[in-house]
Structures are given as structure tokens and as C-alpha cells.
Amino acid sequence: MTIRQLVILPDPVLRRISDPVGPITGEIRTLVADMFETMYDAPGVGLAAIQVGVPKRVVTIDTSKEEGVRKPQVFIDPEIVWSSEEKRVYDEGCLSIPDYYGEVERPDRVRVKFRDLDGREQEIEADGLLATCIQHEIDHLNGVLFIDHLSKLKRDRVLKKFAKAAKRDAA
Ligand code: ZN
């Protein structure tokens, strides 16, 4: 397993729409293993393949809060098939937007259809942090970032900050 390099704002790769996975090949299995390695190392609770530069509809999540307990979950080609009317606000962050947090309102519960690593169709209902996290990661597959859910003022401010930092790093 390899820790892959994270794609950071304002890299335009983050705006790409990811492709369906198709057959689950050895390459996809390696990608998933590397994504977990990268996510745990960061550390983060969720990662979309596009955040390591691979435009495939693959998401890894581990929202386990217990110290030392890992509950890795893989979602291949995930799709939200139902969302609750009730909303929930969570202070979100993103490995592609380091050290920045913002409150985002999303449906409190969602039902998600996806395939597991054996290619089997699965459906789960998620709530709490898992629901927030799945929605955040599926947004990534569609080129959407959590800052897109903030006010224009806040979004422009963070975009400006990261554009400046990228320029400084390139210099
Ligand atoms: Zn993110």
C-alpha cells in the first residue's frame, strides 16, 4: 500500500466529474487500499478517488470514533436514492482544503445504493456523521466541494487564500 499525494485546492482536477468504475479490477483494489492508507495517514474520515487524482467513482470512509478501532467502508459507484426532509448542520473540513472548516447544512439521513469490492449491489441508510460524510464524498465525484455550499463571500475568501498559497508554493 502506498500513501498517494492529495490534490489540493485550487487544482482544477477537483472539478472533474468522475467516471463509473465498471468491472472491479486489481487496479481498483489497489486504488482502494491506497486510499485507506492515505486517508488514515492524513488523518481524515472520508476520501474520494479524485482527491488522489483518479477520476473514478470510488469513496472510502471510516467514521469510527473509538480509539484504535477501524471500520473501513468502501463505496463503488455510490448513488443517493433517498434523502430525509430533516437537515443537519455539521462543521465540515476536507483533505483537499487543509485547515479550513465551514458549517454546511445537508439532509440528516440518506439512503445510498452502491457496489462493494466484490461487485455486489448494496444499499444502506446512513445518519449522523456517516450521512454527512457520504454526501460530502459523493459531491467530490461530481466535482462539487463543501465550500460550494457556503455563502459566496466565504467561498471567495477561501478560494483567494488557497490560490495565493499555490502561487507562493510555485514561486
Ligand atoms: Zn472533501
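Here the structure is a predicted model, which means the values were calculated and not measured.

Within the protein, Cys-94 (SG), His-136 (NE2) and His-140 (NE2) serve as the donor atoms for the zinc ion, at 2.1 to 2.3 Å. Read from N- to C-terminus, the donor residues coordinating the zinc ion fall into the pattern C-x41-H-x3-H. One end of the pair, Cys-94, is in strand E4 (residues 87–94); the other, His-140, is in helix H2 (residues 128–141), and 46 residues separate them in sequence. The pair formed by Cys-94 and His-140 is uniform in burial state, with each residue classed as buried.

Below, the discussion takes up the UniProt feature "active site" (unreviewed entry) in the chain. Under the UniProt annotation, the feature "active site" (unreviewed entry) is placed at Glu-137. Summarising the element assignment, Glu-137 is placed in helix H2. Residues within four places of Glu-137 in sequence aside, it is in contact with Gly-46, Leu-47, Ala-48, Gln-51, Val-59 and Ile-61.

Moving on: helix H1 (residues 26–41). Counted at 1.5 Å a residue, the expected span for H1 with its 16 residues is 22 Å, and the 22 Å between its end C-alpha atoms agrees. Residues of H1 that are buried include every one of Ile-28, Leu-31, Val-32, Asp-34, Met-35, Phe-36, Thr-38 and Met-39, and no others. Residues of H1 that are buried make contact with strand E1 (46–48), strand E2 (58–61) and strand E3 (73–83).

We now examine the sheet that holds E1. Spatial ordering of the open sheet is given by E1-E2-E3-E6-E7, a layout of five strands whose pairing is antiparallel. What marks the edges here is a single partner per strand, and that holds for E1 and strand E7 (121–127). Strand-to-strand twist in this sheet, taken as the mean axis angle between neighbours without regard to direction, amounts to 40°. Here E3 pairs with strand E6 (residues 109–115) via five bridges, running antiparallel. Considered in E6, the bridge of Glu-79 is made with Lys-113. Across the sheet, H1 lies against E1, E2 and E3, angled at about 40° from E2, the strand it touches most. In this fold H2 packs onto E1, E2, E3, E6 and E7, with an angle of close to 125° to the strand it touches most, E7.

So, about the UniProt feature "binding site: Fe cation" (unreviewed entry) in the chain. Cross-referencing UniProt, the feature "binding site: Fe cation" (unreviewed entry) maps to Cys-94, His-136 and His-140 in the present numbering. For the residues just named, distributed over 47 residues, the greatest C-alpha separation is only 10.2 Å, placing them together at one site. Judged by its relative accessible area of 9%, Cys-94 falls in the buried class. If near-sequence neighbours (up to four positions away) are discounted, Cys-94 is found in contact with Gln-51, Tyr-100, His-136, His-140 and Phe-146. By secondary structure assignment, the location of His-136 is in helix H2. Beyond its immediate chain neighbours, meaning those up to four positions away, His-136 contacts Glu-92, Gly-93, Cys-94, Arg-106 and Phe-146. A polar atom in the side chain of His-136 sits 2.9 Å from the side chain of Glu-92.

Definitions and cut-offs
Residues numbered from 1 in each chain as written. Predicted model: local features only at pLDDT ≥ 70, side-chain atom pairs only at ≥ 80, totals over all residues. Heavy atoms only, no water. Donors = N, O, S within 2.8 Å, 3.2 Å for Na, K, Ca; no water. Helix = DSSP H or I, 4+ residues; strand = E, 2+ residues; numbered from the N terminus. Buried < 20%, exposed > 50% of the residue type's maximum accessible area, 1.4 Å probe, protein only. UniProt positions renumbered as here; feature names shortened; annotations may be inferred. Contact = heavy atoms within 4.5 Å. Expected span 1.5 Å × (residues − 1). Pairing = 2+ DSSP bridges. Axes fitted to C-alpha atoms, helices over the stretch in contact; angles between N-to-C directions. Polar contact = N/O pair within 3.5 Å; in protein donor to acceptor, adjacent residues only side chain to side chain.

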